[in-house]
Amino acid sequence: ILNVEQSPQSLHVQEGDSTNFTCSFPSSNFYALHWYRWETAKSPEALFVMTLNGDEKKKGRISATLNTKEGYSYLYIKGSQPEDSATYLCALFYNQGGKLIFGQGTELSVKP
Amino acid sequence: AAGVIQSPRHLIKEKRETATLKCYPIPRHDTVYWYQQGPGQDPQFLISFYEKMQSDKGSIPDRFSAQQFSDYHSELNMSSLELGDSALYFCASSSIADWRADTQYFGPGTRLTVL
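Since we're looking at a predicted model, the values are computed, not measured. (Residues numbered from 1 in each chain as written. Chains lettered and ligands numbered in written order. Predicted model: local features only at pLDDT ≥ 70, side-chain atom pairs only at ≥ 80, totals over all residues. Heavy atoms only, no water.)

### Focus: the overall build of chain B
Thinking step 1. Counting its secondary structure elements, chain B contains zero helices and eleven strands.
Thinking step 2. For chain B, the succession of helices and strands along the chain, N to C, is β-β-β-β-β-β-β-β-β-β-β.
Thinking step 3. Taken against the 2.2 N^0.38 rule, which gives 13 Å for 115 residues, the C-alpha radius of gyration of chain B at 13 Å falls within 12% of a compact globule.
Thinking step 4. Overall, the C-alpha framework of chain B stretches about 40 × 25 × 20 Å when taken along its three principal axes.
Thinking step 5. Taken across its 115 residues, chain B has 50% of its residues classed as buried.
Thinking step 6. Just so you have it, chain B exposes about 5,500 Å², and 49% of that area is on carbon and sulfur atoms. (Helix = DSSP H or I, 4+ residues; strand = E, 2+ residues; numbered from the N terminus. Rg over C-alpha atoms; globule rule 2.2 N^0.38 Å. Buried < 20%, exposed > 50% of the residue type's maximum accessible area, 1.4 Å probe, protein only. Areas by Shrake-Rupley, 256 points an atom, 1.4 Å probe, with all protein chains shown as cover.)

Following this line, the structure appears as structure tokens:
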């Protein structure tokens, strides 16, 4: 059974704090890792697709890194804002055209 | 930009009834995925279709069936509904031609409540 673990499960920070979450996964047969941002009552929004060991991607204040050899990815948010409050989902892609295997998500709450 | 459309957005059914969920992928996307997310759980993969053929199957109950039509829209048919089927059902679409660089784009979901 392929298992994707995310930590922490929830995170409460003040506006302006920087945060990071972890996604851990079995490193064998890795194809791609996806990060999604999911706000309540909306559909998950794709943030990054990462495929290569050492990949680093950035979108505004959000960035992510990937280590396929040790099986983890970090998502960083610099200077968190209340609008960053959402659940951040990590999902693994193990084969072409296949399914995404999701972690349980990290729920981020940013207080003004 | 056009997104994935799901209908209905909310559905209430009685036990043992039948439900049909519809998904309209982003134009030119040829692959459709269905996911089920129960209360407090991760989204779980149900089934996927590529070019109208089933491409992968997950934890989909035998009471459920799905298909992809010639216009690439997909329908998830759920029969003999049980209380445990109450969940948020997501559909996602992607283009198999560029699956590494592309991603799965999710619809808003259909919230099914079985009473």
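Let us keep going from here.
### Considerations on the nonpolar core
The nonpolar side chains of a soluble globular protein tend to be buried with one another.
Residue and element names in this part refer to chain A.
Thinking step 1. Ranked by internal contacts, the top residues of the largest apolar core, which has 24 residues, are Leu33, Trp35 and Leu92.
Thinking step 2. At the level of elements, β3 (19-24), β4 (32-38), β5 (45-50), β7 (62-67), β8 (72-77), β9 (86-93) and β11 (106-111) are the ones that each hand at least two residues to this core.
Thinking step 3. Examining the composition of this core, we find that four residues originate from one element, β9, more than from any other. (Core = buried A, V, L, I, M, F, W, Y, C linked by side-chain atoms within 4.5 Å.)

### A few points about the pattern of salt bridges
All names here are of chain B.
Thinking step 1. Across all of its chains, the model carries seven salt bridges over all chains by this definition.
Thinking step 2. We note a salt bridge from Asp85 to Arg63, for which the minimum N-O separation is 2.9 Å. In this pair, Asp85 is assigned in the loop between β8 (74-78) and β9 (87-94) and Arg63 in the loop between β6 (53-57) and β7 (64-68), connecting sequence segments 22 residues apart.
Thinking step 3. Classification of Arg63 as partly exposed rests on a relative accessible area of 21%. (Salt bridge = Lys/Arg side-chain N within 4 Å of Asp/Glu carboxyl O.)

### A closer look at the state of the cysteines
Thinking step 1. On inspection of all chains with the given rule, the structure shows two disulfides over all chains.
Thinking step 2. There is a disulfide in this structure between Cys23 of chain A and Cys90 of chain A, and the S-S distance comes to 1.8 Å. Measuring handedness by torsion sign, the sulfur bridge of Cys23 of chain A and Cys90 of chain A sits at about -45 degrees and is left-handed. Note that Cys23 of chain A is positioned in strand β3 and Cys90 of chain A in strand β9, a separation of 67 residues in sequence.
Thinking step 3. Given a relative accessible area of 0%, Cys23 of chain A falls into the buried group.
Thinking step 4. With relative accessibility at 0%, the residue Cys90 of chain A sits in the buried group.
Thinking step 5. Two residues, Cys23 of chain B and Cys91 of chain B, share a disulfide whose sulfurs are 1.7 Å apart. Taking the torsion about the S-S bond as the criterion, the Cys23 of chain B to Cys91 of chain B disulfide, at about -50 degrees, is left-handed. Within this pair, whereas Cys23 of chain B is found in strand β3 (residues 19-24), its partner Cys91 of chain B is found in strand β9, the two being separated by 68 residues in sequence. (Disulfide = S-S within 2.5 Å.)

Limitation: the analysis is restricted to geometry and does not speak to function.
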